[in-house]
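# A structural walkthrough
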Amino acid sequence: MMKLYHTELSGNCHKVRLMLSLLELKHDRVLVNLASGEHKSADFLKIDPLGQVPLLIDENTTIRDSQAILVYLARKCDRTDWLPLEAESMAKVMQWLSFAANEINSSLFIARLHFLFGMNFDWETAQQKGKQILQIMDEHLRERNWLECSSPTIADIACYPYVGLAPDGKVSLEPYPNVMAWIDRIKQLSGYERMPGLE
Ligand SMILES: N[C@@H](CCC(=O)N[C@@H](CS)C(=O)NCC(=O)O)C(=O)O
C-alpha cells in the first residue's frame, strides 16, 4: 500500500492528498511533526535527504516533491486525462507544474509562511509578486474552465492549494474573479478533499 508522509497545514502536501482522493487511491498516511523537527531526524533524512514533506513511498519507489508525486500518480493510474501525453498538452501542463514550484512557491507560499507561521520573510515582496501571478492566472482563466485542456489536469491540482490559501498570506482573491470561479470548480470535483483554509 502507498504511504504518504505529510503534515496537515501544508499546501504542498494537500496537492497530493487531493490527488489521491480524486483518484480514489487507497493509501496510508503518516503525519510528520514539523514543529518538533521530525522531518530532520536521522531516520527521515535517510529516506529524504532534503527533509521535506510531502514524500510518497510506493513499494520500493520513493518520490519527493509534490509536482513529481502528481506526475507519478497520474502515470501510475494511466490517467491521460489528468496528465496528457501529447507533446503540446503535456508541455503546457508542465509549465504550470513549474509555475507552482517556482512562481507560486516564491510568492503566495512565502507570504503565508510569514503571516500564518510567523516566519521572518520579506512579505511585502512576496505579496506583490503573488498579486502579479494571480493577475496572470486571472487573465489566463478568462475564457477557460481549467488551466489547460477541457477537463482538470494535475496542472490545476499543483497550482490550487497556495492560490486558494492566498488569504492566509493576507492577499485577497476578490480582485481575481476568474481565479475565484476556478477555485469553486475545483471544490465541486467529485472526491474533493478539504483542508483548513480550503473548506
Ligand atoms: N518542492 C517541494 C517543497 C516541499 C516543501 O517545501 N515542504 C515543506 C512543507 S510545505 C517542508 O517540508 N518544509 C520543511 C523544510 O523545508 O525544512 C514540493 O513541492 O513538495
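Residues numbered from 1 in each chain as written. Predicted model: local features only at pLDDT ≥ 70, side-chain atom pairs only at ≥ 80, totals over all residues. Heavy atoms only, no water.

### Some remarks on the packing of aromatic side chains
In total, this model carries six aromatic pairs according to the counting rule given. Note on Tyr5 and Phe44: the rings are 5.9 Å apart at their centroids and 75° apart in plane angle, and the pair reads as edge-to-face. Within this pair, whereas Tyr5 is found in strand E1 (residues 2-6), its partner Phe44 is found in helix H2 (residues 42-47), the two being separated by 39 residues in sequence. Residue Tyr5 is classed as buried on the basis of its relative accessible area of 14%. On the accessibility criterion, Phe44 (5% relative accessible area) is buried. Members of the aromatic cluster, each reached through a chain of ring pairs, are Tyr160, Trp182 and Tyr192. (Phe/Tyr/Trp six-rings, centres within 6.5 Å; stacked < 30°, edge-to-face > 60°. Helix = DSSP H or I, 4+ residues; strand = E, 2+ residues; numbered from the N terminus. Buried < 20%, exposed > 50% of the residue type's maximum accessible area, 1.4 Å probe, protein only.)

### Side note on the side chain of Ser10
As for its placement among the helices and strands, Ser10 is situated in the loop between E1 and helix H1 (11-22). Note on Ser10: relative accessible area 11%, which makes it buried. Within the structure, the side chain of Ser10 is placed 3.3 Å from the backbone nitrogen of Asn12, a separation counted as a polar contact. Those residues in contact with Ser10 that sit more than four places away from it in its chain are Arg17, Tyr162 and Met195. (Polar contact = N/O pair within 3.5 Å; in protein donor to acceptor, adjacent residues only side chain to side chain. Contact = heavy atoms within 4.5 Å.)

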